[in-house]
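Architecture at a glance
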Amino acid sequence: GEVVYANPKVSVTVGIAVEKIHFVPGEFARYAQKMLGVRASLTEKVETKVVWAKIFAAEPTEPCVKSCVGGAQADVLPSFRGDSRAMSVEQQAQAAADMIFYLRRHRKELISGEAGENVFGAGLRAALDQMAAMEQQCLDLFYGTTTTTVEEYRYQVTPTAGEKNYIVCRYRDGEGVLAPSDLSGEPLMLIFTPIEVDQSGLPLATEKDKVKREYLVSPNCTMELVLGTKSMDKGEIVVPQYGKSVTLAIR
């Protein structure tokens, strides 16, 4: 005898993780061949790839992941600078190259025992680690640095009765995740396919039935997450928005 209003809806969470590798040439890259004997890249480059894209059965409670590895170390005074005199870029490059060869030569002497007879154990390990870090800082100035970032994005999709295909976001190589409106990227699409409900076992009302009620039959739906033409993930869920109204006899 009570009027009850219900409008059941479900939403789906879609996640995508993208790895971005960003290479930045060294400040002294053009002097690498001359001073170190090995050619260095002069071109900045960005590469991206989709690590994973998936449909979550339940909305995740953990925050989105974002990690960053590598990149240049910010030093107030570079390792190769030993005084405050003004130096041209080429002179700075030469000083950095000299520091690299000095550190390598001194490290060899420490390891072979030719120098540092009073340095051993943990002290020797700490000295070698410090020298390796200083050398790497100088090498980065010639050969550049690479930063690797992995970032996760999440989107919520709420289906509507008249639509089965949804563009979650877009992706472009070398750029990463883009807005759905940016047509320069491939679409990441979530596709719902309702499965027809078998109504043969339901007491469908006829004109002869005096007591009848209207019900919403919600179908199971298959879900597929597609990036361009590549299937990334699949799942199944009950979606009331795609349900059909049926009138059942109450007996």
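Our focus in this paragraph is the nonpolar core. In this structure, F28, Y31, M35, F80, A93, I100 and F142 are the most contacted members of the largest nonpolar core, which totals 23 residues. Those residues in contact with F80 that sit more than four places away from it in its chain are F28, Q92, A95, A96, M99, C138 and L141. Among the nonpolar cores identified, the runner-up in size contains 21 residues, and Y171, L190, F192 and Y242 belong to it.

Quick look at the sheet that holds strand β4 (residues 145-157) now. Read from one edge of the open sheet, 4 strands run β2-β1-β4-β3, paired in antiparallel fashion. Sheet topology places β2 (45-56) and β3 (66-70) at the edges, where each strand pairs with a single neighbour. The mean inter-strand angle of the sheet, taken between neighbouring strand axes irrespective of direction, is 15°. Where β3 lies against β4, 5 bridges are found, and the strand directions are antiparallel. In the sheet register, K66 faces β4, and the bridge partner there is E151.

Another aspect to go through is the packing of aromatic side chains. Counted by the stated rule, this structure contains 4 aromatic pairs. Here F28 and F142 contribute two aromatic rings whose centre-to-centre distance is 5.7 Å and whose plane-to-plane angle is 65°, an arrangement assigned as edge-to-face. Taken together, the residues F28 in the loop between β1 (12-24) and α1 (32-36) and F142 in helix α3 (residues 121-143) connect sequence positions 114 residues apart. Both residues of the pair, F28 and F142, count as buried. Aromatic side chains W52 and F56 sit 6.4 Å apart centroid to centroid with 85° between the ring planes, which places their arrangement in the edge-to-face category. A cation over an aromatic ring shows up here: R154 above the ring of F56, its NZ or CZ 5.8 Å from the ring centre.

Time to look at the pattern of salt bridges. Applying the stated criterion to the full structure yields 10 salt bridges. In this structure, R104 and E135 form a salt bridge, with 2.6 Å as the shortest nitrogen-oxygen distance. Of this pair, R104 sits in helix α2 (residues 89-112) while E135 is found in helix α3, placing the two residues 31 residues apart along the sequence. Across the pair R154 and E152 runs a salt bridge, and its minimum N-O distance is 2.9 Å. The class for E152 is buried, based on a relative accessible area of 8%. Bridged by salt links that share partners, the residues R104, R107 and E135 form one connected network.

Further remarks concern the environment of K164. Mapping K164 onto the fold places it in the loop between β4 and β5 (165-172). When neighbours within four sequence positions are excluded, K164 is seen to be in contact with L190, I191, F192, P194 and Y242.

The strand order β6-β5-β7-β9-β10 describes an open sheet built from 5 strands, whose pairing is antiparallel. Taken across any chain shown, the strands that pair with only one partner, and hence form the sheet edges, are β6 (176-178) and β10 (230-238). In this sheet, adjacent strand axes meet at a mean angle of 25° when their direction is disregarded.

Inspection of the secondary structure puts T13 in strand β1. Given a relative accessible area of 9%, T13 falls into the buried group.

What follows covers the environment of C221. Its location among the elements puts C221 in strand β9 (residues 220-227). For C221, a relative accessible area of 0% translates into the label buried. Along the chain, C221 and C64 lie 157 residues apart, while their C-alpha atoms are 27 Å from each other. Leave out the neighbours within four places in its chain, and C221 touches F192, T193, P194, I195, G235, E236, I237, V239 and Y242.

Calculation notes
- Residues numbered from 1 in each chain as written.
- Predicted model: local features only at pLDDT ≥ 70, side-chain atom pairs only at ≥ 80, totals over all residues.
- Heavy atoms only, no water.
- Core = buried A, V, L, I, M, F, W, Y, C linked by side-chain atoms within 4.5 Å.
- Buried < 20%, exposed > 50% of the residue type's maximum accessible area, 1.4 Å probe, protein only.
- Contact = heavy atoms within 4.5 Å.
- Pairing = 2+ DSSP bridges.
- Helix = DSSP H or I, 4+ residues; strand = E, 2+ residues; numbered from the N terminus.
- Axes fitted to C-alpha atoms, helices over the stretch in contact; angles between N-to-C directions.
- Phe/Tyr/Trp six-rings, centres within 6.5 Å; stacked < 30°, edge-to-face > 60°.
- Lys NZ or Arg CZ within 6 Å of the ring centre and 35° of its normal.
- Salt bridge = Lys/Arg side-chain N within 4 Å of Asp/Glu carboxyl O.

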